[in-house]
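Spelled out from the first residue to the last, the chains are:
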Amino acid sequence: MSKKTETVYDWDTPRKNFNPKTKQPYKRGRNWAIVVYPDSVPENWLEILKMEPVAISPLDDKDVAAEGEVKKAHYHLVLSYKGNKSFEQIDELARMLRAPIPERISSLTGAVRYLTHMDDPDKYQYDSRDVLLFGGFDLESVLGLSTGDKRQLLRDMIEFINKNNVIHLVDFTNYCLSDEAPAGWFEILTERNTLFLKEYIKSMWQKNKKG
């Protein structure tokens, strides 16, 4: 049986700017994604990345394909620059890492959450503490809730207080601290909304007392 011939790449040759989804070239952008493989990345790859604003996933070696086979181990890289970068600039970095063609990111938060499969419960859940950060990448800021998200969570909390007839702030606080509470509730409670929720629960108690 003949051995399978491995494809040999010329990593010094720039690659074509082509978005396979839109069939158009990538426009300049601040946020980009690169996938690197341990068996092809150069030994000094972390040194190459240390000056880049990048978040690097834990080694993703537990992904399973539809056929049931474990996918080739890899790292996900998310790069977020203060100014726009061209495909050619990011491709130069990707070629230095012996990586596939980079992709421009439409949702920075979504890409960062995917580093540990936060929104994909069917995949292995990696520890966010194992994400490597270089170049001033602000993970906390990226994962922060938007104003719209915060308002919706506050609405959900008010609905919960009404539905469950919550009349003590301590009970609600303990619930927000528990594993049963939706993600973000404790942060919403303690960040600028404590007084409002305290007064709302107090009003609920006074209403029930009169009733």
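Residues numbered from 1 in each chain as written. Predicted model: local features only at pLDDT ≥ 70, side-chain atom pairs only at ≥ 80, totals over all residues. Heavy atoms only, no water.

## Focus on the sheet that holds strand S1 (residues 29-36)
Basically, it comes down to this: DSSP bridges decide pairing: two strands pair if at least two such bridges lie between them. Under the DSSP-based scheme used, a helix requires at least four consecutive residues in state H or I and a strand at least two consecutive residues in state E, with every element numbered from the N terminus. Residues count as neighbours in contact if any of their non-hydrogen atoms are within 4.5 Å of one another. As a rule, the C-alpha atoms of each element are fitted with a line to give its axis, helices using only the stretch in contact, and angles between N-to-C directions run from 0 to 180 degrees.
Strand order in this open sheet of five strands is S4-S1-S3-S2-S5, and the pairing throughout is antiparallel. Among the strands making up the open sheet, the edge pair consists of strand S4 (103-104) and strand S5 (132-134). Bridging between strand S2 (residues 54-56) and strand S3 (residues 75-85) involves three bridges; their strand directions are antiparallel. What sits directly across from Ile56, in S3, is Leu77. Sitting on the sheet, helix H2 (residues 87-96) touches S1 and S3, and the angle it makes with S3 is about 145 degrees.

## Remarks on helix H8 (residues 194-210)
This is how it is decided: A helix is expected to span 1.5 Å multiplied by its residue count minus one. Summary of the burial criterion: residues with accessible area below 20% of their type's maximum are buried, those above 50% are exposed, and those between are partly exposed, where the area comes from a 1.4 Å probe applied to protein chains only. The directions from the helix axis to the C-beta atoms are what the arc is built from.
Helix length check: H8 (17 residues) gives 24 Å between terminal C-alpha atoms against 24 Å at 1.5 Å per residue, within 8%. Along H8, the residues classified as buried are Leu197, Ile201 and Met204. The arc enclosing the buried residues of H8, seen along the axis, measures out at 50 degrees, which places them on a common side. Projecting away from the buried face of H8 at angles above 90 degrees are the exposed residues Leu195, Lys209 and Lys210. Against helix H5 (147-163), helix H6 (169-177) and helix H7 (185-190) lie the buried residues of H8.

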